[in-house]
Amino acid sequence: MDEPPPLKKTPLNSRHRASGAKMVAFGGWDMPVEYSGITAEHLAVRRTAGLFDVSHMGELEIAGKDALGAVQMLCSNDASKLQPGQAQYSALLTARGTFVDDLVVYRLRNDHFLLVVNAANIVKDYTWIAERIGSAGDVVIMDASSRYALLSVQGPAAQHVVQPLTGVDLASMAYYTFAHGEIANVRGTISRTGYTGEDGFEIFVPPQQADRVWQAVLASGPENVVPCGLGARDTLRLEAGLRLYGNDIDDTTTALEAGLGWIVGWSKDGFIGADALRAQKTKGASRKLAGFELLEPGIARQGYEVYPSSATTANECVGKVTSGTQTPTLKKSIGMAYLPQASAVPGTEFDVDIRGRRIRARVVPMPFYKRRATEPRAPSPE
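Residues numbered from 1 in each chain as written. Predicted model: local features only at pLDDT ≥ 70, side-chain atom pairs only at ≥ 80, totals over all residues. Heavy atoms only, no water.

**Q** Please explain the sheet that holds strand E10 (residues 149-154) as it appears in this structure.
**A** Whenever strands of a sheet pair, they do so through backbone hydrogen bonds, lying parallel or antiparallel. Judged by pairing direction, the sheet is mixed, and its 6 strands sit side by side in the order E11-E12-E13-E10-E4-E14 without closing on themselves. Two strands lie at the open edges of the sheet, namely strand E11 (178-183) and strand E14 (225-228), each paired on one side alone. Across the sheet, the axes of successive neighbouring strands diverge by a mean angle of 25 degrees, strand direction being ignored. Relative to E14, strand E4 (residues 49-53) runs parallel, the two being bridged by 4 bridges. Across the sheet, Phe52 pairs through a bridge with Cys228, a residue of E14. On top of the sheet, helix H2 (residues 38-47) reaches E4, E10 and E14; it is set at about 120 degrees to E4, its chief contact. (Pairing = 2+ DSSP bridges. Helix = DSSP H or I, 4+ residues; strand = E, 2+ residues; numbered from the N terminus. Axes fitted to C-alpha atoms, helices over the stretch in contact; angles between N-to-C directions. Contact = heavy atoms within 4.5 Å.)

Right, dumping it as structure tokens:
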């Protein structure tokens, strides 16, 4: 039997281990799942600020005279709306309108784009794009992942933490914009983005300078910044109703079914998946990703089966939980599941099978948690 390939390591791997982080395998990478505990790290991000190593994410660059046309063909959202210095949440879709991956598109220049993709999908995404980009004209794709380390500072105090380290005016940055400059005397890029439901900044720096910036962030600002792992990142994004590739979205789920029709450029022509999504929009999707909370003690985990509450159909499995947790902020069990459209209406009750025991659940609107309205936020219909 072939041995599995060794886990890849981010430039901060030694720092995590020296700091006592609990390490796990994730998407082929050796990553910290927690430092001081998932709940403590989660609440730190909600109340002050937390620092994440997300250097395992992939960076693919698309450049050339026809770069915009290529991105318009490959990605679901309308990149023509971006000016250099702006970013948008988007997706690579199959011809069926299902997900190859979700990603963030950065417009570096008029003819140069950066796509930040999920760690486990770097090779798949690069291959998928490379096989299709030739038809777009004068354009090339490059896997630039090895050129970047990526740190994420998230929480209501994030701006106060990062600002002393840079000359970039963070207060003037709108959400989903970015700027180039020095951070802790290291040349890099700062974007006002994140995937926690809080205000925050993601910092791109050369890998060899990552540890210097990591330590500078932890020592910066009037607030206590704590290092955080993937465990808190997952509970934070779930509270915010943000989808996770491999759980809530994949190549069997369409953008409309996932409630992500807002990242589809409906008015643009020729993007991959357009025909399937327009047909589904006209006909109506048969199912929808719904948020729910448990009405009885328990935790609904990924893969748990969902059943109607009606006695006449109680033995008919109608879906499965895609994500679930006991939320540290709201102190309740929440989750997401694909449900028939008629059952995905807020207030509708159903049962989750938790190890052979039926637990009552109720559909609730997403996101489960919203930060204060005075803080910058990404455009979203939810």
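From this point, things continue past the structure.
**Q** I would appreciate a short explanation of the packing of H2 against helix H7 (residues 230-239) in the present structure.
**A** A pair of packed helices is captured by two measures, namely the crossing angle of their axes and the spacing between those axes. Their axes nearest at 8 Å, the elements H2 and H7 cross at an angle of 55 degrees. By the angle between their directions, the pair H2 and H7 is classed as oblique. Here the hand of the crossing between H2 and H7 comes out right-handed. Packed against H2, whose contacting residues are Ile38, Glu41, His42, Val45 and Arg46, the element H7 presents Gly231, Ala232, Thr235, Leu236 and Glu239 at the interface. Taken together, the residues that form the contact of H2 with H7 break down as 4 nonpolar, 3 polar and 3 charged. (Parallel < 35°, antiparallel > 145°, perpendicular 65-115°, else oblique. Left-handed = near helix turned anticlockwise from the far one by under 90°. Nonpolar A, V, L, I, M, F, W, Y, C, P; charged D, E, K, R; others polar.)

**Q** Looking at this model, I keep getting lost on the pairing of strand E19 (residues 349-354). Mind explaining?
**A** In the case of a regular strand, side chains alternate between the two sheet surfaces. Among the 6 residues in E19, 5 count as buried, and that is most of the element. When strand E16 (residues 305-308) meets E19, the two strands line up antiparallel, connected through 3 bridges. Among the inter-strand pairings, Val306 is bridged to a residue of E19, identified as Val352. Across 6 bridges, E19 lies against strand E20 (residues 357-364) in antiparallel orientation. Bridge pairing in E20 links Glu349 to Arg362. Taken together, E19 and the strand that follows it, E20, pair antiparallel across an intervening segment of 2 residues, in which Arg355 is found at a positive phi of about 55 degrees. (Buried < 20%, exposed > 50% of the residue type's maximum accessible area, 1.4 Å probe, protein only.)

**Q** What is the right way to read the confidence of the model for the protein from this model?
**A** As a general rule, the predicted coordinates of low-pLDDT regions are not to be interpreted in detail. Looking at the protein as a whole, the pLDDT averages 95, with 96% of positions reaching at least 70. Here residues 378-382 is modelled with pLDDT under 50, and outside its nearest four sequence neighbours on either side it reaches 12 contacts, counting other chains as well. (pLDDT = per-residue confidence, 0-100.)

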